[in-house]
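Summary of structural features
Now for the letters of each chain:
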There are 4 protein chains.
Amino acid sequence: MIIVLKPHIKKREETAVLREIRKLGYKPHVMRGVARTVIGAIGDERTHQSLETLITWSQVESVMPVQKRYKLVSREAHPTDSTVTVRDQVIGGKKVQIMAGPCSVESERQLLSTALAVKAAGATILRGGAFKPRTSPYEFQGLGEKGLKLLDKARRETGLAVITELLSEDHVDLVAEYADIIQIGARNAQNFQLLIAAAKTGKPILLKRGLSMRIEEWLLAGEYVLSNENPQLLFCERGIRTFENYTRNTLDLSAIPIVKRESHCPVVIDPSQGSGRADLVAAMCKGAVAMGADALLIEVHPNPAEAYSDGAQQVTPAAFARIMQELAPFLAAAGRE
Amino acid sequence: MIIVLKPHIKKREETAVLREIRKLGYKPHVMRGVARTVIGAIGDERTHQSLETLITWSQVESVMPVQKRYKLVSREAHPTDSTVTVRDQVIGGKKVQIMAGPCSVESERQLLSTALAVKAAGATILRGGAFKPRTSPYEFQGLGEKGLKLLDKARRETGLAVITELLSEDHVDLVAEYADIIQIGARNAQNFQLLIAAAKTGKPILLKRGLSMRIEEWLLAGEYVLSNENPQLLFCERGIRTFENYTRNTLDLSAIPIVKRESHCPVVIDPSQGSGRADLVAAMCKGAVAMGADALLIEVHPNPAEAYSDGAQQVTPAAFARIMQELAPFLAAAGRE
Amino acid sequence: MIIVLKPHIKKREETAVLREIRKLGYKPHVMRGVARTVIGAIGDERTHQSLETLITWSQVESVMPVQKRYKLVSREAHPTDSTVTVRDQVIGGKKVQIMAGPCSVESERQLLSTALAVKAAGATILRGGAFKPRTSPYEFQGLGEKGLKLLDKARRETGLAVITELLSEDHVDLVAEYADIIQIGARNAQNFQLLIAAAKTGKPILLKRGLSMRIEEWLLAGEYVLSNENPQLLFCERGIRTFENYTRNTLDLSAIPIVKRESHCPVVIDPSQGSGRADLVAAMCKGAVAMGADALLIEVHPNPAEAYSDGAQQVTPAAFARIMQELAPFLAAAGRE
Amino acid sequence: MIIVLKPHIKKREETAVLREIRKLGYKPHVMRGVARTVIGAIGDERTHQSLETLITWSQVESVMPVQKRYKLVSREAHPTDSTVTVRDQVIGGKKVQIMAGPCSVESERQLLSTALAVKAAGATILRGGAFKPRTSPYEFQGLGEKGLKLLDKARRETGLAVITELLSEDHVDLVAEYADIIQIGARNAQNFQLLIAAAKTGKPILLKRGLSMRIEEWLLAGEYVLSNENPQLLFCERGIRTFENYTRNTLDLSAIPIVKRESHCPVVIDPSQGSGRADLVAAMCKGAVAMGADALLIEVHPNPAEAYSDGAQQVTPAAFARIMQELAPFLAAAGRE
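Residues numbered from 1 in each chain as written. Chains lettered and ligands numbered in written order. Predicted model: local features only at pLDDT ≥ 70, side-chain atom pairs only at ≥ 80, totals over all residues. Heavy atoms only, no water.

1. With respect to the overall build of chain A
Put simply, the test is: Only DSSP runs of H or I with at least four residues qualify as helices, and only runs of E with at least two residues qualify as strands; both kinds are numbered from the N terminus onward. To sort residues, take the accessible area from a 1.4 Å probe on protein chains only and compare it with the maximum for the residue type: under 20% means buried, over 50% means exposed, and anything in between is partly exposed. In what follows, residue pairs with any heavy atoms lying within 4.5 Å of each other are defined as contacts. Note that accessible areas follow from Shrake-Rupley with a 1.4 Å probe, and for residues the cover is restricted to the protein chains shown.
Of regular secondary structure, chain A possesses 10 helices and 14 strands. The principal-axis extent of the C-alpha atoms belonging to chain A is close to 75 × 45 × 40 Å. Expressed as a percentage of the 337 residues in chain A, the buried residues total 67%. Long-range pairs, those at least 24 residues apart, make up 67% of the contacts in chain A between residues at least 6 apart in sequence. For chain A, the accessible surface area stands at approximately 10900 Å², while carbon and sulfur atoms represent 49% of it.

2. Some remarks on the state of the cysteines
Each disulfide consists of a covalent bond between the sulfur atoms of two cysteine residues. Threshold: What counts as a disulfide here is a pair of cysteine sulfur atoms lying within 2.5 Å.
Following the criterion strictly, the structure yields 0 disulfides over all chains and no others. Looking at Cys236 of chain A, it has no disulfide partner, and the nearest cysteine sulfur is the one in Cys285 of chain A, 12 Å off. You can see Cys103 of chain D has no disulfide; the closest cysteine sulfur is in Cys236 of chain D, sitting 13 Å from it.

3. Describing the packing of aromatic side chains
Definition in use: Pairing of aromatic rings covers Phe, Tyr and Trp, the last through its six-membered ring, and needs centres within 6.5 Å; plane angles under 30 degrees mean stacked, over 60 mean edge-to-face, and all others mean tilted. Only Lys NZ and Arg CZ are tested; either one counts as a charge over a ring when it is within 6 Å of the ring centre and within 35 degrees of the ring normal.
In total, this model carries 12 aromatic pairs over all chains according to the counting rule given. Residues Trp218 of chain D and Phe235 of chain D carry aromatic rings whose centres are separated by 5.3 Å and whose planes lie at 75° to one another, so their mutual orientation is edge-to-face. You can see Trp218 of chain D sitting in helix 6 (residues 215–226) and its partner Phe235 of chain D sitting in strand 12 (residues 233–237), a full 17 residues away along the chain. The residues Trp218 of chain D and Phe235 of chain D share a single accessibility class, namely buried. Directly above the ring of Tyr138 of chain B sits Lys71 of chain A, whose terminal nitrogen or CZ lies 4.3 Å from the centroid.

4. Describing the packing of helix 10 (residues 317–333) of chain A against helix 10 (residues 317–333) of chain D
Quick note on the threshold: The convention used is that axes are lines fitted to C-alpha atoms, helices contributing only their stretch in contact, and that angles between N-to-C directions extend from 0 to 180 degrees. What sets the label is the angle itself: under 35 degrees gives roughly parallel, over 145 gives roughly antiparallel, 65 to 115 gives roughly perpendicular, and the rest give oblique. Three residue categories are used. Nonpolar comprises Ala, Val, Leu, Ile, Met, Phe, Trp, Tyr, Cys and Pro, charged comprises Asp, Glu, Lys and Arg, and polar comprises the others, including Gly.
Put simply, helix 10 of chain A and helix 10 of chain D touch, their axes get as near as 8 Å, and they point 170° apart. Between helix 10 of chain A and helix 10 of chain D, the crossing angle belongs to the class labelled roughly antiparallel. Contacts from Pro329, Phe330 and Ala333 of chain A of helix 10 of chain A reach helix 10 of chain D at Pro329, Phe330 and Ala333 of chain D. Looking at side-chain class alone, the contact of helix 10 of chain A with helix 10 of chain D contains 6 nonpolar, no polar and no charged residues.

5. Comments concerning the sheet that holds strand 2 (residues 27–32) of chain A
Residues and elements named next belong to chain A. Our working definition: Any two strands between which DSSP finds at least two bridges are classified as paired.
Read across the sheet, 4 strands follow the order 2-3-1-4 without closing on themselves; strand pairing throughout is antiparallel. Sheet topology places strand 2 and strand 4 (60–64) at the edges, where each strand pairs with a single neighbour. Taken over all neighbouring pairs, the strand axes of this sheet differ in orientation by 20° on average, direction set aside. Sheet topology places strand 1 (residues 2–5) next to strand 3 (residues 37–42); 3 bridges connect them, and they run antiparallel. By the bridge assignment for strand 3, Ile2 is matched with Gly40.

6. With respect to the interface of chain B and chain A
Worth spelling out the cut-off: Buried area is calculated as the accessible area (1.4 Å probe) missing from two parts once they are joined, with the contributions of both summed. Salt bridges are defined by distance alone: a side-chain nitrogen of Lys or Arg within 4 Å of a carboxyl oxygen of Asp or Glu. Counted as a polar contact is a pair of N or O atoms within 3.5 Å, where, for protein atoms, one must be capable of donating a hydrogen and the other of accepting one, and residues adjacent in sequence contribute only when both atoms are in side chains.
At the interface, 49 residues of chain B touch 49 residues of chain A. Roughly 4400 Å² of surface becomes buried between chain B and chain A when both sides are summed, with 49% attributable to carbon and sulfur atoms. For chain B, the biggest contributors to the area lost against chain A are Thr135, Tyr138 and Arg241 of chain B; these three give 15% of the whole. At the junction of chain B and chain A, the tally comes to 4 salt bridges. Our count for the contact surface shared by chain B and chain A stands at 20 residue pairs in polar contact (both at pLDDT 80 or more). Of all the secondary structure elements, the ones that give two or more residues to the side of chain B that touches chain A are helix 1 (11–23), helix 5 (192–200) and helix 6 (215–226) of chain B. Here the side of chain B that touches chain A takes 5 residues from helix 6 of chain B, the largest share from any one element. A class-by-class count of the residues in the side of chain B that touches chain A yields 18 nonpolar, 16 polar and 15 charged.

7. A closer look at the relation of the copies chain C and chain B
Rules: The fit set for superposing copies consists of C-alpha atoms from residues with pLDDT of at least 70 in both; the fit itself is least squares.
In the superposition of chain C on chain B (RMSD 0.0 Å, axial shift 0.0 Å), the rotation amounts to 180°. Given the turn and translation reported, the copies of this chain are related as if by a two-fold rotation axis. In terms of C-alpha distance to the rotation axis, chain C has Gly287 of chain C as its closest residue, with the C-alpha 2.1 Å off the axis. Interface overlap between copies is the fraction of interface residues in one copy that are interface residues in the other; for chain C against chain B it reaches 100%, indicating a shared surface.

8. Points about the pairing of strand 2 of chain A
Residue and element names in this part refer to chain A. Judged from the 6 bridges that link them, strand 2 and strand 3 form a sheet pairing that is antiparallel. Residue pairing across strands places His29 opposite Gly40, the latter belonging to strand 3. Taking the residues between adjacent antiparallel strands as the criterion, strand 2 and strand 3 are bridged by 4 residues.

9. What about the pairing of strand 11 (residues 205–208) of chain C?
Residue and element names in this part refer to chain C. Across the two faces of strand 11 the burial is the same, with Ile205 and Leu207 and Leu206 and Lys208 all buried. In this structure, strand 10 (residues 181–184) lies alongside strand 11, joined through 3 bridges in parallel fashion. In the sheet register, Gln183 faces strand 11, and the bridge partner there is Leu206. One ladder, built from 4 bridges, connects strand 11 with strand 12 (residues 233–237); its direction is parallel. Bridge pairing in strand 12 links Leu206 to Leu234.

10. A closer look at helix 3 (residues 145–158) of chain C
Residue and element names in this part refer to chain C. Threshold: Expected span of a helix, by definition, is 1.5 Å for each gap between consecutive residues, and there is one gap fewer than residues.
Compared with an ideal rise of 1.5 Å per residue, which puts 14 residues at 20 Å, helix 3 spans 20 Å between its outermost C-alpha atoms and is within 8% of the ideal. Along helix 3, the positions that sit buried rather than exposed are Gly147, Leu148, Leu150, Leu151, Asp152, Ala154, Arg155 and Thr158. Of the residues one or two after helix 3, Gly159 is the one with positive phi, at around 80°.

11. Here's the deal with the interface of chain C and chain B
Of the residues lining the interface, 35 residues belong to chain C; the matching set on chain B comes to 35 residues. Roughly 2900 Å² is buried in total at the junction of chain C and chain B, and carbon and sulfur atoms are behind 69% of that figure. The three residues of chain C that bury the most area against chain B are Arg214, Phe243 and Tyr246 of chain C, which together make up 21% of that side's buried surface. Here Arg261 of chain B and Asp279 of chain C are joined by a salt bridge, their closest N and O atoms 3.4 Å apart.

12. Some points on the sheet that holds strand 12 of chain C
Residue and element names in this part refer to chain C. If you walk around this closed barrel you meet the 8 strands as 7-8-9-10-11-12-13-14, and the pairing is parallel. Adjacent strand axes in the sheet meet at a mean angle of 25° when their direction is disregarded. Set on the sheet, helix 5 (residues 192–200) makes contact with strand 10 and strand 11; between it and strand 10 the angle comes to about 175°. The strands touched by helix 7 (residues 255–262) within the sheet are strand 12 and strand 13 (267–269), with strand 13 carrying the most contacts at an inclination of about 165°.

13. As for the side chain of Asn249 of chain B
Residue and element names in this part refer to chain B. Mapped onto the fold, Asn249 is located in the loop between strand 12 (233–237) and helix 7 (255–262). Take Asn249: its relative accessible area is 4%, and that puts it in the buried class. A polar contact of 2.9 Å, which involves the side chain of Asn249, links it to the backbone oxygen of Gln273. In contact with Asn249, not counting residues within four places along its chain, are Leu211, Arg238, Gly239, Ile240, Gln273, Gly274 and Ser275.

14. Brief notes about the nonpolar core
The condition that has to hold: By convention a nonpolar core is built from buried Ala, Val, Leu, Ile, Met, Phe, Trp, Tyr and Cys residues, the set being connected through side-chain atoms within 4.5 Å.
In terms of nonpolar packing, the biggest core is built from 164 residues, with Leu296, Ile298 and Phe320 of chain A together with Leu296, Ile298 and Phe320 of chain D touching the most fellow members. The residues contacting Phe320 of chain D, other than those within four sequence positions of it, are Ile98, Ala100, Val118, Ala121, Ala123, Ile298, Val300 and Val315 of chain D.

15. Side note on unusual backbone geometry
Negative phi is the rule for most residues except glycine; trans is the rule for most peptide bonds. The backbone of His8 of chain B sits at a positive phi, close to 60°, despite the residue not being glycine. The backbone phi angle of Glu229 of chain D is positive, close to 60°, even though this residue is not glycine. Considering the arrangement of structural elements, one finds Glu229 of chain D in the loop between helix 6 and strand 12.

16. Digging into the environment of Ser254 of chain B
Considering the arrangement of structural elements, one finds Ser254 of chain B in the loop between strand 12 and helix 7. Between the alpha carbons of Ser254 of chain B and Asp180 of chain B there is a distance of 28 Å; along the sequence they are 74 residues apart. With residues near it in sequence (within four places) discarded, Ser254 of chain B still touches Met291 of chain B together with Met284 of chain C. At 2.5 Å, the side chain of Ser254 of chain B and the side chain of Asp252 of chain B are in polar contact.

Okay, here's the thing in structure tokens:
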């Protein structure tokens, strides 16, 4: 931790800071600069968080942490890329995996027809929400267990793996029974109790970035998964909230190279939530592949205009197949499959 | 719902939109303007959300909702101010209630000394976190049930009511046993299952605004409480996330008149989280009272520099007493007590 | 400047950093911590900006400035409050000055009737735009010189001082001839050539905060005024851009205590632009006064619905008079007039 | 314009709104819905802006514009892609143009060596700042006219076209004499007088997006160029300001498909400003090409650590050459050169 003192303070004010630093278990190291005196407090910052509170002292101008706060998710801890394997499919390897399916599971017919179509076009993982977090209590909340059973049926009929969202600690066992990958949604990205409970199932976890989460916070939320002894973690960028209102969210594709630099975990891009507009999905997918995404999570619905949720961002099976074709040369350019 | 068509579309493209509107149960009403044709779809927007998905149709330029999505929290549903009563103290009445205490409960001595001090200075409700949501898994996570018991002890010794945070569905019964008011934190503001579970305890709920929540979304999250038959809801503004980095958050005091215009529920301001800096708390409190806040939630710690969490934003008991004195003329100016 | 090295780097990589620090004229000071080596580079940061570029070196993890970048606007340079005097009215003294008038000058009748009304209600400075920066080229761009002449006439008839916006280097002499205070708008807050030209007129400058300006950047923009030998500077907060869409901007009242802590210059609040809604102006004014604003800048129009610009945020003369009355007890509470 | 009335208003309140709509020259069209009465005001919204001010009336709940505010930059006005030609190079055609060079022109040697290197690697346009807008008055402000002369010399020696920034109305003639493309920087993106003056030179204009500009506002700023009879306009995305602090800005690549959908003008991406980090430039370039960018604007410096400005985001000539090679397969995948 670096502590910058205000100019022109008294000697005893400086001494008091040094005493507190020692009291908290750090070794102070004083540097006298031209305009300011700076103190380095030497020790592990993660065990003595309270040092940051020196900022409240009147003689202190600023306090700056030196260490990174994440450990297990960091590249320092694991220099090579980690991978997550789901039903023979490796996420984080040479092949860019495609997760596709409807926003919400609505009916057997809707789900199966979509599953068959996305499989035919190249998807390997089926997405579909059985429990839906909705901004308003008056909106469709998902089919619940019935939806999970339909996902299971679709998995048996198509061989696709299944990813579905977990949004309550009360559903952990139920969702873990049916899901191959457990998704934690953006609104629960810092619901740490849910993250811990999900991690403990031992299932791979896909952690969406919260709407206004800094990348450091996102990595720290992932740390809750790895520190609960579950190494199977995927980070999924799905758009952040900005002042722009043309799109529902602003997809931050720069998160791909940044997370890959800081962490060893695979990165997934959700262009559907990330823009909220079906007509932008194809372009977003191309950018994501070019920038190094390990998987894409795409919403597909047989009839978006009649979807129970988020119709505006779901593409039709035909459009999905077209996107898959258009992606092929970009996958090749990126040295991926 | 208002549907704006693109210019120069074909007659049959318009007809298809009209057909879909009718199919979804709305009555279309066509208006031909100078540059655009606009269709009003008449019907209750809350039951046919899917109409918004017309935005995916190539002939549609924009779709704009007309109705407000919140119902029970709105002033339309309840034109007069509602109040929440906790141990004889009315929140939302003439008296501005002061909730004060440490960020985290750390020890009996720390809590009791703080409780006595804040009571002496005018607080009526004691705050203290027993379960703490922390960005990093390596930070102090709270004393848990032991913390709740200390809060109970402080309540018995001082007569102060107790507000404490609930962050897991697994702790609902436990927290409800000890809390007079259940706090839902900013990171759980759209954890709808937690909101429902908290609402069902029948205890008053203080709902903090999420870091990047629009006011409409915040009111809708409150709707989850009221629609689960708990009318005792407090909205608490605690700072939003912006690009500014001088403060930890940007306290949005304009939320006070806005929420009071749109809703009947009392509004609480948290100047401690709202700025992240103890030296700004006094000014924030004055602004909050002047703009009509019904209560303040202030973090007080006997020795902020040694706090287990968020020391930089906690004021000392002496500073708290000074703030209470400075507030008096502003309370009078606002016609409050 | 503090330079944090990556862990596990080679000795010669560290040596290269030390060599570069010396080459740029700083004295390096090495601190070896538990997890990282940290180097303090001792010297005046403002003259050797380039040190920050060490961040591009592969062995460097982060580079953190220690010094504040602003000088003349800072409290360090001028510990007591500075004031700006305009036609016998002191801004930054005990009296909270009220600047009021229409968004745009539209006609003699509109301007004079407003001027008389705001003077009667307590305003001392008349605002009115003659040159208007408009988002679209098809919107009303102001009356130009004719508008300035009307402002002059209103000044002669009422004795009010005049504040008006400068938006082009080509208009500097013209605007300076008529204005008592020159306003630099939010969209020009980092138009540094305009700031320099305005400063050189010697007239007091009111500098609005840009839509997404950090406070540090705003103070540095003010530094362009003071470093061009014009000490008469007012900082005006007028709302920042966030994700919220209920209001046009989010008025950041916390800017008042922050700017007053960091700088000696008076702070003005614009609740009209700051919310974009006439119905929120009264509450914003009360909060501003309670938090220490030195002046308010309020848009008043005889008939807002027929205004040529920004009608939604202008209050009527009657509403303005009511706001002035409602403010009186808050002024007293704040120890102001 | 769509005007939504509040529920339960009196008949005469509705009549007053209808009267005002007619008075302002629109034809009202009433639609009675289940919960609200909605009025369509038929007429050209661009000539009667004031209708929006009905929002100030107590009986009005919301006012929503229907028409797009931009005209000449829109695809409606010009359905096919427009192109800008500079010294035989077409921007907006099949070839993705590369603009590269130092942030600031610092010396003949620095500029010429960079120009030769970027030309050899495939660039066709040389960038270099002679006038620099700097956040602090104490930072390097550019070589001014001397810098322009060096750019001219580099152009003559290499045959590269030249793009350089204009930041003052006082420099319009000077900059226009030397520049092949005039750049308007992010901080001047809504400096409308500068836009008009630049447009009138007849030179191609590259308009950077402001730090917190909505795409609609950016297109409207472009409208200032086209409506001043200069059809040669390039939109350049260079990162927006968000809460993230890992990067200096958040590059919004989704702006590419959006601007191309709404407008016919070519889109340029600046990955250097867009991230502020040299190590992210390569990934950003790949994403930009995959998503349809027409040109890239890349900062290259022979020795970034000793640059006079923004060293952290400039790549070396060797790194630039590597990026050009890595881009080749992505250009092919996108069907570009």
